[in-house]
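# Close look at the chain arrangement
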Amino acid sequence: MTHHHLDATVDTAIDVLTAERRPVLTVAPGDTVTVRTLSAAGYTERQSAPGVEAPTLVDPRRGHCLVGPIAVAGAQPGAVLAVRFDALVPDDWGYTGSGGVDTPVNRALGLTDPAARGPLLWDIDPAAGTAVNQLGLGVRTAPFLGVVGLPPEPTGEHSTIPPREAGGGNVDCRELVAGSTLYLPVTVPDALLFVGDGHAAQGDGEVSGTAVECGMTTTMTLSLLDAAPVAGVHADTPAGRVTLGFDADLNTATTTALDRMVDWIAGLHGIGRAEALAMASVAVSMRVTQVANRTWGVHALLPHDAILPSGAPR
């Protein structure tokens, strides 16, 4: 197995998902890649003050500043790409924006006026696992990548902004910390993985539209599976098993995530779907992954110890 290294440069960075770009790296299944990505905006230096723009690597930008595509030799539609996050180390600074643009959430909260913006700048201490902003308020960090995805189809350039059932992408799931494995059904030959949008910390929902946005150094191992336990985008994380649904309709996103979790529970325990739904009702938490992208994300979380095996002490 080989360990590769990638940095965000004008040759490796891109702001769309596409299968028509030449791969910036080709790896064999089982290889490890350490990749440095910039923030979603692609800032090449720290902002001087809240709300002040900084130079960007991709200018003008249409979406998230990503690195890719990374080709996985031999991957074909029908297989599943397993992305294991071995380590995620944020840069030592980041930012969070809120308000000032016309979105459904800002409209509901009365924060569409540009004067209502509330940007935060953060000093991040990766070793301590904390981030502190200019207000003197801090949070604990739990780093992950917001965008990990494949092109949804073989042709065209596709926005990085909405998460998709085909290829994943801007999943924004805070459970995907180090030690997690994300499973993406392969959509195009060689998989063609794009990564970026580092988040040092984020709550479920990403309600302002941004997290603690930052550059990230990610070490990940890429593998191929012939089949996975459930359909669609799903993950095995330190918090538990996760299934995801994405749709403009919250109900559809929710039932997609739940349907896949019911399948997972049924397969794990050799029970019927009705019994699995009953177990989900007492053991699974349904969470709104993100509301930021006009496509609802919902994930179902089954903690590893939530369902006790037969014969376990009571």
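Our subject is the structure listed above.
Thresholds, definitions, all that
Residues numbered from 1 in each chain as written. Predicted model: local features only at pLDDT ≥ 70, side-chain atom pairs only at ≥ 80, totals over all residues. Heavy atoms only, no water. Axes fitted to C-alpha atoms, helices over the stretch in contact; angles between N-to-C directions. Helix = DSSP H or I, 4+ residues; strand = E, 2+ residues; numbered from the N terminus. Parallel < 35°, antiparallel > 145°, perpendicular 65-115°, else oblique. Contact = heavy atoms within 4.5 Å. Nonpolar A, V, L, I, M, F, W, Y, C, P; charged D, E, K, R; others polar. Buried < 20%, exposed > 50% of the residue type's maximum accessible area, 1.4 Å probe, protein only. Lys, Arg positive; Asp, Glu negative; His and termini not counted. Salt bridge = Lys/Arg side-chain N within 4 Å of Asp/Glu carboxyl O. Polar contact = N/O pair within 3.5 Å; in protein donor to acceptor, adjacent residues only side chain to side chain.

## A few points about the packing of helix α2 (residues 250-269) against helix α3 (residues 273-283)
Where α2 meets α3, the axes come as close as 8 Å, and the angle between the chain directions of the two elements is 110°. For the element pair α2 / α3, the angle class is roughly perpendicular. Residue-level contacts link Leu258, Asp259, Val262, Asp263, Ile265 and Ala266 of α2 to Arg273, Ala276, Leu277, Met279 and Ala280 of α3. Taken together, the residues of the contact of α2 with α3 break down into eight nonpolar, no polar and three charged.

## What to know about unusual backbone geometry
A cis geometry characterises the amide bond from Asp59 onward to Pro60, with omega recorded as -5°. Within the fold, Pro60 resides in the loop between β5 (32-37) and β6 (66-72). With omega at 5°, the peptide bond leading from Gly68 into Pro69 counts as cis. Positive phi, normally seen in glycine, also occurs at Asp190, with a value near 70°. On the secondary structure map, Asp190 appears in the loop between β15 (181-185) and β16 (193-199). Taking the relative accessible area as the measure of exposure, Asp190 reaches 31% and is therefore partly exposed. The backbone of Ala191 sits at a positive phi, close to 70°, despite the residue not being glycine. Along the chain, the position of Ala191 falls in the loop between β15 and β16. The exposure class assigned to Ala191 is buried, which follows from its relative accessible area of 0%.

## Observations regarding the environment of Ala276
Note on placement: Ala276 falls in helix α3. Put simply, Ala276 and Trp264 are 12 residues apart on the chain and 8.5 Å apart in space, counted from C-alpha to C-alpha. The residues contacting Ala276, other than those within four sequence positions of it, are Val262, Ile265, Ala266 and Ile271.

## Notes on the side chain of Asp31
Within the fold, Asp31 resides in the loop between β4 (25-27) and β5. Buried charge without a salt bridge: Asp31, with Arg84 as the nearest opposite-charge side chain at an N-O distance of 14 Å. A polar contact of 2.9 Å, which involves the side chain of Asp31, links it to the side chain of His4. Other than its neighbours up to four places away in sequence, Asp31 contacts Met1, Thr2, His4, Met220, Thr221 and Leu222.

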